[in-house]
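Take a look at the letters that make up each chain.
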Amino acid sequence: MNAPSPVQRKGSLLRTIRAVAWSFVGMRKGSEYAQDVEKLNPVHIIVVGLIAVFLLVIGLIALVNFIV
């Protein structure tokens, strides 16, 4: 039996970063979300999301240290 091959999703790094940034804000058009689901690789989204969370936490720590 031939197993179906996994779907190759090719999305640009910029598109992945934009999708993650919009998810942080919480505003996204349904049509753009559907395009992201079709084109973006979930592993890339997870990696970019973790990097974004890390940068957000570092930025908040730096802001608090600057204010205090």
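Residues numbered from 1 in each chain as written. Predicted model: local features only at pLDDT ≥ 70, side-chain atom pairs only at ≥ 80, totals over all residues. Heavy atoms only, no water.

(A) Focus on the overall build of the protein chain. Secondary structure summary: the protein chain contains 3 helices and 0 strands in total. Here the contacts in the protein chain between residues at least 6 apart in sequence split such that 76% fall between residues at least 24 apart. Of the roughly 5,900 Å² that the protein chain leaves accessible, carbon and sulfur atoms contribute 71%. (Helix = DSSP H or I, 4+ residues; strand = E, 2+ residues; numbered from the N terminus. Contact = heavy atoms within 4.5 Å. Areas by Shrake-Rupley, 256 points an atom, 1.4 Å probe, with all protein chains shown as cover.)

(B) The arrangement of the confidence of the model for the protein chain in detail. Chain-level statistics for the protein chain give a pLDDT mean of 83 and a share of 84% at 70 or above. Looking across the protein chain, the model is least confident in helix H2 (residues 30-39), with a mean pLDDT of 80, and most confident in helix H3 (residues 42-67), with 94. (pLDDT = per-residue confidence, 0-100.)

(C) Quick look at the packing of helix H1 (residues 13-25) against H3. Packing of H1 against H3 leaves a shortest axis separation of 9 Å and a crossing angle of 55 degrees. Taken together, the axes of H1 and H3 lie oblique to each other. For the element pair H1 and H3, the recorded crossing hand is right-handed. Residues Leu13, Thr16, Ile17, Val20 and Phe24 of H1 pack against His44, Ile45, Val48, Gly49, Ala52, Val53 and Leu56 of H3. Partitioning the contact of H1 with H3 into residue classes produces 9 nonpolar, 3 polar and no charged. (Axes fitted to C-alpha atoms, helices over the stretch in contact; angles between N-to-C directions. Parallel < 35°, antiparallel > 145°, perpendicular 65-115°, else oblique. Left-handed = near helix turned anticlockwise from the far one by under 90°. Nonpolar A, V, L, I, M, F, W, Y, C, P; charged D, E, K, R; others polar.)

(D) Region of the structure containing H3. Compared with the 38 Å implied by 1.5 Å per residue over 26 residues, the 37 Å span of H3 between its first and last C-alpha is a close match. N-cap assignment for H3: the residue whose side-chain oxygen lies 3.1 Å from the backbone N of Val43 is Asn41. (Expected span 1.5 Å × (residues − 1). Polar contact = N/O pair within 3.5 Å; in protein donor to acceptor, adjacent residues only side chain to side chain.)

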